[in-house]
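Structural features, examined
Here is how the chains run, residue by residue.
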Amino acid sequence: MTLRVSGLSAMRSGRTILHPTSLTIEPRARIGLVGTSGSGKSTLGHALIDDLRAQGHSVAHVPQSPDEALDPLRSMAFHWREAEWALGLQPGSADQKTLFTALKIAGGDLRKRPWGWSRGMQQRFVIAMALIGSPDLIVLDEPTSALDPVVAAATMDLLDRHLEGRATAMMLITHDLGLAARRVSTLMVMQEGRIVEQAPTAEILERPKTRASKSLTAHRNWMALPC
Amino acid sequence: MLKIDQVSVRRGSSVALEDISLSIPHAKTLAVVGESGAGKSTLIAAILGLIKPWKGKITWAGAAVSSCRPALVMQEPRSAFNPVLSLRRSVLEPISAQGTSVPGERIKRLCDGLELSAEILDRRPSEVSIGQAQRVGILRALIAAPPLVLFDEPLSALDAVTQKHTAKLITDLRSEEGFAALIVTHDIGYAVAHADEIAVLKSGRIEEVATARSFAASPQSSYGQTLRDAAISLGALDTAA
Ligand SMILES: Nc1ncnc2c1ncn2[C@@H]1O[C@H](COP(=O)(O)OP(=O)(O)OP(=O)(O)O)[C@@H](O)[C@H]1O
Ligand SMILES: [Mg+2]
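Cut-offs used in this document
Residues numbered from 1 in each chain as written. Chains lettered and ligands numbered in written order. Predicted model: local features only at pLDDT ≥ 70, side-chain atom pairs only at ≥ 80, totals over all residues. Helix = DSSP H or I, 4+ residues; strand = E, 2+ residues; numbered from the N terminus. Rg over C-alpha atoms; globule rule 2.2 N^0.38 Å. Buried ≥ 20, exposed ≤ 12 C-beta atoms within 10 Å, placed from the backbone. Contact = placed C-beta atoms within 7 Å. Axes fitted to C-alpha atoms, helices over the stretch in contact; angles between N-to-C directions. Parallel < 35°, antiparallel > 145°, perpendicular 65-115°, else oblique. Nonpolar A, V, L, I, M, F, W, Y, C, P; charged D, E, K, R; others polar. Pairing = 2+ DSSP bridges. Domains from an automatic or database assignment. Core = buried A, V, L, I, M, F, W, Y, C linked by C-beta atoms within 7 Å. Arc of directions from axis to C-beta. Near = placed C-beta within 6 Å. Right-handed = clockwise from strand over helix to strand, strands pointing away. pLDDT = per-residue confidence, 0-100.

Along the backbone of chain A there are 9 helices and 8 strands. The globule rule puts the C-alpha radius of gyration for 227 residues at 17 Å, and the 18 Å found for chain A is close to it. By its C-alpha atoms, chain A is 50 × 45 × 40 Å across when sized along the principal axes. Within the span of chain A, comprising 227 residues, buried residues form 48% of the whole. Long-range pairs, those at least 24 residues apart, make up 66% of the contacts in chain A with a sequence separation of at least 6.

Next up on the list: the packing of helix 6 (residues 149-163) of chain A against helix 8 (residues 222-233) of chain B. Look at helix 6 of chain A against helix 8 of chain B: their axes get within 9 Å of each other, and the N-to-C directions meet at 60°. Judged by the inter-axis angle, helix 6 of chain A sits oblique to helix 8 of chain B. Residue-level inspection shows Pro149(A), Val150(A) and Ala153(A) of helix 6 of chain A in contact with helix 8 of chain B, the latter providing Thr226(B), Leu227(B), Ala230(B) and Ala231(B). Grouping the constituent residues of the contact of helix 6 of chain A with helix 8 of chain B by class yields 6 nonpolar, 1 polar and no charged.

For the rest of this paragraph, the subject is the sheet that holds strand 1 (residues 2-11) of chain B. Residue and element names in this part refer to chain B. Spatially, 3 strands are ordered 2-1-4 in an open sheet, and the strand pairing comes out antiparallel. Edge positions in the sheet fall to strand 2 (14-24) and strand 4 (55-60), since each of these pairs with one other strand and no more. Averaged over neighbouring strand pairs, the angle between their axes works out to 25° when direction is ignored. The sheet contact formed by strand 1 and strand 2 spans 7 bridges and is antiparallel. Note on strand 2: the bridge partner recorded for valine 7 is isoleucine 20.

Residue and element names in this part refer to chain B. Here the domain parsing of chain B yields domain 1 (1-70 + 147-154 + 180-236) and domain 2 (73-145). For domain 1 versus domain 2, the distance between C-alpha centres works out to 25 Å. Taken together, the contact pairs 6 residues of domain 1 with 7 residues of domain 2. Among the elements that line the side of domain 1 that touches domain 2, the one with the most residues is strand 6 (residues 148-152), at 3 residues. Looking at the side of domain 1 that touches domain 2 residue by residue, the class counts come to 3 nonpolar, 1 polar and 2 charged.

This paragraph deals with the nonpolar core. Residues and elements named next belong to chain B. If you look at the biggest cluster of nonpolar residues, it comprises 79 residues, and the most contacted ones within it are Val32, Val149, Ala191, Val192 and Ile198. Residue contributions to this core peak at 7 residues, all from helix 4 (residues 130-142). Counting contributing residues per domain, this core is built from domain 1 (1-70 + 147-154 + 180-236) and domain 2 (73-145), each supplying no fewer than three.

Residue-level contacts link 40 residues of chain B with 33 residues of chain A. When residues of the side of chain B that touches chain A are traced back to their parent elements, those giving at least two are helix 4, helix 5 (160-177), helix 6 (188-194) and helix 8 of chain B. Here the side of chain B that touches chain A gets 6 residues from one element, more than from any other, and that element is helix 5 of chain B. In the side of chain B that touches chain A, the residues fall into 15 nonpolar, 16 polar and 9 charged.

Residue and element names in this part refer to chain B. Running from amino to carboxyl end, helix 2 (residues 87-98) crosses helix 4 at an angle of 30°, the nearest separation of the two axes being 7 Å. Considered as vectors, helix 2 and helix 4 are oriented roughly parallel to each other. Residues Leu87, Ser90, Val91 and Pro94 of helix 2 pack against Val136, Leu139 and Arg140 of helix 4. The residue inventory of the contact of helix 2 with helix 4, partitioned by class, reads 5 nonpolar, 1 polar and 1 charged.

Before going further, it helps to spend a moment on helix 9 (residues 211-218) of chain A. Of all the residues in helix 9 of chain A, the buried ones are Ala212(A), Ser213(A), Leu216(A) and Thr217(A). Seen end-on, helix 9 of chain A carries its buried residues on one side only, within an arc spanning 115°. Residues of helix 9 of chain A that are buried in the fold lie against strand 3 (30-35), helix 7 (177-183), strand 7 (186-191), strand 8 (194-200) and helix 8 (201-206) of chain A together with helix 5 of chain B.

With that settled, consider the site of ligand 1. Near ligand 1 you find 22 residues, and of these Arg12(A), Ser42(A), Thr43(A), Ser129(B) and Gly131(B) are the closest. More than one chain approaches ligand 1, the contributing ones being chains A and B. Listed by contribution, the elements that provide at least two residues to the shell around ligand 1 are strand 2 (15-25) and helix 1 (41-54) of chain A together with helix 4 of chain B. Considering only residue class, the shell around ligand 1 consists of 4 nonpolar, 13 polar and 5 charged.

Moving on to the pairing of strand 6 of chain B. Residues and elements named next belong to chain B. Counting buried residues along strand 6, 5 of its 5 residues qualify, which places the element largely inside the surrounding structure. By the alternation rule, side chains of strand 6 split into Leu148, Leu150 and Asp152 and Val149 and Phe151, which are all buried. Here 3 bridges tie strand 5 (residues 71-73) to strand 6, and the two strands are oriented parallel to one another. Across the sheet, the residue bridging to leucine 72 is leucine 150, located in strand 6. Where strand 6 meets strand 7 (residues 180-184), 5 bridges bridge the pair, whose relative direction is parallel. In the sheet register, phenylalanine 151 faces strand 7, and the bridge partner there is isoleucine 183. Tracing the backbone out of strand 6, into helix 5 and back to the parallel element strand 7 gives a crossover that is right-handed.

Let us look at the confidence of the model for chain B. Of all residues in chain B, 98% attain a pLDDT of 70 or more, and the chain-wide mean is 91. This prediction of the complex comes with two scores: 0.91 for pTM and 0.88 for ipTM.

Here it is, written out as structure tokens:
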């Protein structure tokens, strides 16, 4: 089902942090959302999710900080049961073992609370929760920020395999253009609360048009271009 | 100089760090890279004295590390701050604790280098983006010119441009003020570009320690090789670095 939102916006403390934005997301779309820190990526992600849920669509969310998804006073097992319950599944029916093994968190103790897991493990646990069902859209906000490059690649591979053959669309919010280059077919570039550029990924990486995309692509490599 | 001498740390029944020896002289940066869950945050906790090593010793200039008031940049940016205070109050806290006054130009210089508008400091932690909170965490750590700074993934939430500005500020201040820096990072490109030495940690053990230059040219351990090659394939590092 094609997902449509129009006129999304957000104001905080009298400032507009998201200017009116409309989006159309086709089934199976692979969209990347990039932009400098503070440009409004997470805000757009939240507004999109709220609007789509209000329309009755199912949306899974991997927030930028695991703190947003995990209650510090509840065990990991509790969070997992809640996630199953939210999808109307019987407790224990999701294939936790396969997901955890693929994400290399099978060694985590589910009786513990979030702080008993490392930050990178928490991040992968939240990704596993988002992969339980087959939502219309999955929004991942910087899902690999606490992962080493090897585990990050394995995690994104799992996600690709998981989405294969499903109608679920994906929006990947990331500061990492190297990651986006391999995982999404369309890029949207944000600057100061607006989407200023949208095009196939290869086109933006090779021929960036706006100031925002030009500087992001130019600074990808640590050795090139001092600031 | 920070000296970590044959340190092992246990967590529950398992060994989290095994026989770690590292040192960081004044004005130098050591980057610790390695697997998710390899024990990098445990190492920071041990240096701060939050966990007691089971074997070995960690010292600063021969004394306890706490004697030098080390600064920490935490991995989870927003929860590092008191949610009800303005960021400015949290930032100034290390200074007020020392009873010294607040140098306005210093705050300005740090904010400029971190690409933060000063107005952001009047907000609460929940009112800024995660990347902004991460930079305010760096501001707070550096404000009182500490002799030792521990950074846990300081750039993880930042885009490429902001990363470079932030990294430059940290490196500039380090050479001017001479603090020793330990930087835990997954970003091999950053480690190679800004650290003097790189230590590779895997399953609680050190696989290799090398100068940044020789690590980029030819990592000695197979895990070091894997990490470097992953960075090259992501476009973060040149093959010829
Ligand atoms: N309550 C608030 N009051 C004022 N400004 C706010 C508030 N909440 C967020 N902002 C501002 O809105 C802007 C967008 O924030 P958002 O978290 O969406 O950015 P982002 O692109 O996700 O950044 P990052 O890459 O650092 O995560 C930021 O400049 C932030 O400071
Ligand atoms: Mg964000």
